[in-house]
Amino acid sequence: MPQTIAKASDAIEEWSDTDHRMMARALALAAKGTGQVSPGPLVGCVIMTSEGEVIGEGFYVYEEVKHAETLALEQAGGRGRGATAYVSLEPHAHFGKTPPCTDALIGAGIKRVVAPIEDPNPKVSGRGFEHLRSAGLEVSSGLMACEAKKVNEKYFHFMKTGRPFVHLKLATSLDGKIATRTGDSRWITGKESRARAHELRHEYDVILIGAGTALADNPLLTDRSGKPRRRPLVRVVLDERLQTDPDSQLVRTANEGSVLVFAGETVETGTVEALQSRGVEIVNDSYKGRDLQTVLEELGKRSFQSVLVEGGATVAGNLIDAGLVDKVTFFLAPVIIGGRDAPSAIGGQGAERLIDALELVDVEIVQRGRDIEVTGYPAKTG
Ligand SMILES: NC(=O)c1ccc[n+]([C@@H]2O[C@H](COP(=O)([O-])OP(=O)(O)OC[C@H]3O[C@@H](n4cnc5c(N)ncnc54)[C@H](OP(=O)(O)O)[C@@H]3O)[C@@H](O)[C@H]2O)c1
């Protein structure tokens, strides 16, 4: 059943079932680059002849240098003339790491390009579509735009703000506790949720925790999804008083994957040196006070597109109070920990009135073994 949607230009575009299927395929291909493209975007491409035959497919991974469109055109051989290219993001028209993909599409004789959205990168935005149109190609945009934006939600956020996309992930009991009153927190959730947590780590450039969690849990914070990634997960600890244990798992493995500790300005030189000598980077000069926005800006300057925050309650609460959380996932286990002194998931100030509580939208709920995974996006206020 063809579907019509209005584009920003008010023109009415009609999409066929084939268009939908091909774009869904291009988006699935794009997602195959997960963990391998940052700080670039995920891009997938399908080339289809006018007879409906798929003759080329490709997806972008940073180290391959070639873009999705080029890979798909190569696979198509010389058969691209008159074909349609379905690309999950606007093709670029400038010389960057690679020559313009728009040139490759034009040169191959592609007749029609379907791409859901403009690339937010100012070097690309709108220019790719313009170049293709001026060369006489038919360009259609808008198809599955929401899905395309979601696939690249980290890239879009990073391009818009210069700060990484922040995803808060916590595991709680049914009564919202993240540990018992004695600090026992492993494991609240089952093995299915924990395997899923590693898949989440695979999607992110940085994993961030507070000093309280580093001390209580002595975590390793590595991506053990088994999937390929371009660069190791960077491990960050917010540690105002520099309490990180030089014998902790994090510090002992600092030479295998970066560990960054954001500390206050008045920490002991001896502790700084002990950690630095083991490969830990201490950030405390550009970082004034406990300002989380500055932490994120510093990570953005290092081209980290995304951060997964794994607690604890203080860091989670402070980030939420500061309005710096972009996505939230809770794994809820069907256990009740109880106890007034057992910590609940979110510290900080919290809401004064129910109307001020953080509401999540676009909520997705998935069963993981005996647990429930709830994911959503903070509703925009104001
Ligand atoms: N179930 C789960 O998903 C889960 C996940 C993580 C942790 N946990 C549990 O949660 C508990 C730890 O939570 P928590 O609230 O005590 O600790 P936390 O949030 O991990 O760490 C808090 C500490 O981090 C430092 N910090 C926070 N914000 C900072 C900033 N902007 N700049 C510099 N330093 C900053 C502060 O150190 P100072 O106050 O010393 O200055 C603060 O006390 C543990 O029991 C752990 O097992 C559970």
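For the structure, see preceding data.
Note that this is a predicted model, so its numbers are computed, not measured.

Enquirer: Which residues make up the packing of aromatic side chains, and what are the values?
Expert: The tally for this structure, following the rule as stated, stands at one aromatic pair. Ring geometry for Tyr155 against Phe156: centres 6.2 Å apart, planes inclined by 90°, an arrangement best described as edge-to-face. Owing to a relative accessible area of 3%, Tyr155 belongs among the buried residues under this scheme. For Phe156, a relative accessible area of 12% translates into the label buried. One residue, Lys154, lies across the ring of Tyr204, its end atom 4.7 Å from the ring centre.

Enquirer: For the environment of Thr34, give the residues involved together with the corresponding values.
Expert: Assignment of secondary structure puts Thr34 in the loop between α1 (17-31) and β3 (44-48). In the structure, Thr34 is positioned 288 residues away from Ala322 in sequence and 28 Å away in space, judged by C-alpha atoms. Beyond its immediate stretch of four places on either side in the chain, Thr34 contacts Leu42, His202, Glu203 and Pro228. At 2.5 Å, the side chain of Thr34 forms a polar contact with the backbone oxygen of Ala31.

Enquirer: Explain the pattern of salt bridges residue by residue, including any values.
Expert: For the structure shown, the criterion picks out 21 salt bridges. Here Arg25 makes a salt bridge to Glu57, at a shortest N to O gap of 2.8 Å. With Arg25 in helix α1 and Glu57 in strand β4 (residues 54-59), this residue pair connects regions lying 32 residues apart in the sequence. The class for Arg25 is partly exposed, based on a relative accessible area of 31%.

Enquirer: Summarise the layout of surface pockets; cite the residues concerned and give the values.
Expert: Here the largest pocket defines a volume of roughly 1,400 Å³. Contributing to the lining of the largest pocket are 39 residues, with Val325, Asp326, Tyr377, Pro378 and Lys380 lying nearest its centre. Listed by contribution, the elements that provide at least two residues to the lining of the largest pocket are α5 (145-151), α6 (153-161), β8 (165-173), α12 (313-321), β14 (327-333), β15 (360-368) and β16 (371-378). If you tally residues by element for the lining of the largest pocket, the top one is α6, at five residues. Residue classes in the lining of the largest pocket are distributed as 23 nonpolar, five polar and eleven charged. Mapping the lining of the largest pocket onto the domain boundaries places at least three of its residues in each of domain 1 (3-152) and domain 2 (162-378). Put simply, the second largest pocket is a space of about 1,100 Å³. Lining the second largest pocket are 48 residues; nearest its centre among them are Thr213, Asp217, Glu310, Gly311 and Gly312.

Enquirer: Quick one: what's the story with the pairing of β4, residue by residue and with numbers?
Expert: Bridge count between β3 and β4: five bridges; the pairing is antiparallel. Across the sheet, the residue bridging to Val46 is Glu57, located in β4.

Enquirer: Which residues make up unusual backbone geometry, and what are the values?
Expert: The amide bond that connects Arg186 to the next residue, Trp187, takes the cis arrangement and shows omega of -10°. Along the polypeptide, Trp187 turns up in the loop between β8 and α7 (191-203). A positive phi angle, close to 45°, is found at Asn218, a residue other than glycine. As for its placement among the helices and strands, Asn218 is situated in the loop between α8 (211-217) and β10 (234-238). The partly exposed category is assigned to Asn218, whose relative accessible area is 30%. Located in the positive-phi region is Asp362, a residue other than glycine, with phi close to 50°. The residue Asp362 is located in strand β15 in this model. The class for Asp362 is exposed, based on a relative accessible area of 58%.

Enquirer: Lay out the nonpolar core with the relevant residues and their values.
Expert: Judged by nonpolar contacts, the single largest core of 40 residues is most densely connected at Met23, Ile47, Tyr86, Ile110 and Val113. Secondary-structure elements contributing two or more residues to this core are α1, β3, α2 (68-76), β5 (84-87), β6 (112-114), α4 (127-134) and α6. Looking at which element gives the most residues to this core, the answer is α1, with six residues. With near-sequence residues (within four places) excluded, Val113 lies in contact with Ala85, Val87, Pro91, Leu105, Leu132, Leu137, Glu138, Val139 and Ser140. Judged by nonpolar contacts, the second largest core, of 27 residues, contains Val166, Leu170, Val206 and Ala316.

Cut-offs applied
- Residues numbered from 1 in each chain as written.
- Predicted model: local features only at pLDDT ≥ 70, side-chain atom pairs only at ≥ 80, totals over all residues.
- Heavy atoms only, no water.
- Phe/Tyr/Trp six-rings, centres within 6.5 Å; stacked < 30°, edge-to-face > 60°.
- Buried < 20%, exposed > 50% of the residue type's maximum accessible area, 1.4 Å probe, protein only.
- Lys NZ or Arg CZ within 6 Å of the ring centre and 35° of its normal.
- Helix = DSSP H or I, 4+ residues; strand = E, 2+ residues; numbered from the N terminus.
- Contact = heavy atoms within 4.5 Å.
- Polar contact = N/O pair within 3.5 Å; in protein donor to acceptor, adjacent residues only side chain to side chain.
- Salt bridge = Lys/Arg side-chain N within 4 Å of Asp/Glu carboxyl O.
- 1 Å grid on protein atoms, 1.4 Å probe; cavity = no way out; pocket = protein on both sides within 12 Å on 5 of 7 lines; lining within 4 Å.
- Points joined across faces, edges and corners; volume = space filled by probe spheres on them.
- Nonpolar A, V, L, I, M, F, W, Y, C, P; charged D, E, K, R; others polar.
- Domains from an automatic or database assignment.
- Pairing = 2+ DSSP bridges.
- Core = buried A, V, L, I, M, F, W, Y, C linked by side-chain atoms within 4.5 Å.

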